[in-house]
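For reference, the chains in residue letters:
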Amino acid sequence: MSNKQIGLVLSGGGAKGAYEIGVWRALENLQVTELIDGIIGSSVGAMNAVLLDTAGLERAAAVWANLKQSDLLHMNPDKSFQVTETQISSMNKADYPRLSSSDPEEQRILQFYRYYSMLQNDVPKDALLQLATNIVHSGFPISQEKINDLITKNIRFASQKRKLFAVCTESKSPWNPKVFDLSEYSLDERRRIILASSAIPVVYEGADGVRIQGRGYFDGGISANTPVLQMHRLGWTKTITVWLHHKIKPVQLPDGHENIDIIPPHTLGGHFGTIWVNRSKKAIDQMRGAYDTMRMKEQILSLAERVRAE
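No experiment lies behind these values; they were computed from the predicted model shown. (Residues numbered from 1 in each chain as written. Predicted model: local features only at pLDDT ≥ 70, side-chain atom pairs only at ≥ 80, totals over all residues. Heavy atoms only, no water.)

1. Some points on the environment of Q286
Okay, so step 1: You can see Q286 is positioned in helix 12 (residues 279-294).
Okay, so step 2: Here Q286 falls in the buried class, since its relative accessible area comes to 15%.
Okay, so step 3: Remark: the alpha-carbon pair of Q286 and V23, spanning 263 residues in sequence, is separated by 7.3 Å. (Helix = DSSP H or I, 4+ residues; strand = E, 2+ residues; numbered from the N terminus. Buried < 20%, exposed > 50% of the residue type's maximum accessible area, 1.4 Å probe, protein only.)

Encoded structure:
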C-alpha cells in the first residue's frame, strides 16, 4: 500500500497561473495543504509548485502581484519579427484580439501572439520548428532573462519540503514528456528544469531547448499540460488536479485511484490569456481559483479525512 498522501497537479497556462495561487489559498484555509506531500506541474504549474513549496503562499502571491508583461515576454526593442497571414491560416483568427494600440511594446506582444497561436493548432511540430528556427536566425526578440531573474530571486530550491516534479518536453521528435524529480538534481539544474518547463519551443532558448545534462527540453505543456496521469504513475493514488481550461477531456485513472478536479467554469482568457499580464485579471483569477476550490469543499474535506484515517 502506498504511504503517499495527496498529490497536487498544476496545469500549464502562462499568465492564467494566478488561478493556481487562489486554489492553494483555499486549500490552505481548509487545512489540506499539510496533507499534500507531492506536487507535479507543467510550465507555469511547475513554477508555481516550487514557488509555493519553497517560498510559501504570501510570497507566491506577492510575486504574482508584481509580475509585469515584460517579465513574461521580455522583448528586445531593437529586434522585431513578422508572422504573415498565410502562416496562421489554420488558426481561428477570431481567437486573437483586435486591439489597437500605438504602444510599441503592445504591438510587439500582439505580433508575438500570432506566432504563439500557431503552436496551439494542428501544425506539424517538425515543420513549425523549422519555420521558427528560420525566424530565430533572423534575430528573435524574446528571451527568458526576466523569468530566470524571477526564479533566482524568489525560489530557494534548498528549502524544498515536498516531492516536486516538473514536466518538460524532449526537444526532438516525437516530443515525449519527461518528468523530472527535482530532488535528484543539483540546485542549478533545478533552476534550468523550471526554465525548460516553461520554454515555448524556439521562442526561448533557441531551436535546441534548455540544456539539462546534455539534452534539450521545451515547455512541458506541449506533451502533458495537465500531468494527472504522470502523478498517478509516480505512486499517488489520491490527487487534486487544477485545470486552467474550462473544457477538459476526462482522464481514465487506474482502478482504485481517485482524483478531484478543480475546473474554472468559464474561460480564463483562452490562448491570449496565456501571455497577457493584466493587474486586475491576475487578482480576479486568484479569487476565482479560491472560489472554485471552495465549491468543491465537501469532496476535498472527505478526501482529506480518509487520508488522515489511513
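From this point, the discussion proceeds with the structure in view.
2. Overview of the nonpolar core
Okay, so step 1: By size, the foremost hydrophobic cluster in this structure holds 60 residues, and its most contacted members are L8, I194, I240 and I300.
Okay, so step 2: With seven residues, the top contributor of residues to this core is helix 2 (residues 44-55).
Okay, so step 3: For L8, the contacting residues outside a window of four places in its chain are W24, L27, I36, G38, I39, I40, M231, I240 and V242.
Okay, so step 4: In terms of nonpolar packing, the next biggest core, distinct from the first, is built from nine residues, V9, V167, V228 and L253 among them. (Core = buried A, V, L, I, M, F, W, Y, C linked by side-chain atoms within 4.5 Å. Contact = heavy atoms within 4.5 Å.)

3. With respect to unusual backbone geometry
Okay, so step 1: With a phi close to 55°, S43 is a non-glycine residue in the positive phi region.
Okay, so step 2: Along the polypeptide, S43 turns up in the loop between strand 2 (36-42) and helix 2.
Okay, so step 3: Phi is positive for Q213, which is not a glycine, with a value near 50°.
Okay, so step 4: Look at Q213 and you get exposed, because its relative accessible area is 57%.

4. Considering the pattern of salt bridges
Okay, so step 1: In the structure shown here, the tally under the stated rule is ten salt bridges.
Okay, so step 2: Between R308 and E34 there is a salt bridge; the shortest N-O distance is 3.1 Å. Within this pair, whereas R308 is found in helix 13 (residues 297-309), its partner E34 is found in the loop between helix 1 (18-29) and strand 2, the two being separated by 274 residues in sequence.
Okay, so step 3: On the accessibility criterion, R308 (44% relative accessible area) is partly exposed. (Salt bridge = Lys/Arg side-chain N within 4 Å of Asp/Glu carboxyl O.)

5. Some words on empty space enclosed by the protein
Okay, so step 1: Tallied over the entire structure, the rule returns one cavity of 30 Å³ or more.
Okay, so step 2: Reported here for the largest cavity is a volume of approximately 40 Å³.
Okay, so step 3: Per-element tally for the lining of the largest cavity: the top contributor is helix 12, with three residues.
Okay, so step 4: Partitioning the lining of the largest cavity into residue classes produces three nonpolar, two polar and three charged. (1 Å grid on protein atoms, 1.4 Å probe; cavity = no way out; pocket = protein on both sides within 12 Å on 5 of 7 lines; lining within 4 Å. Points joined across faces, edges and corners; volume = space filled by probe spheres on them. Nonpolar A, V, L, I, M, F, W, Y, C, P; charged D, E, K, R; others polar.)

6. Comments concerning the confidence of the model for the protein
Okay, so step 1: Looking at the protein as a whole, the pLDDT averages 82, with 74% of positions reaching at least 70.
Okay, so step 2: Confidence drops under pLDDT 50 across residues 77-100; counting only partners more than four residues distant or on other chains, this segment forms 47 contacts. (pLDDT = per-residue confidence, 0-100.)

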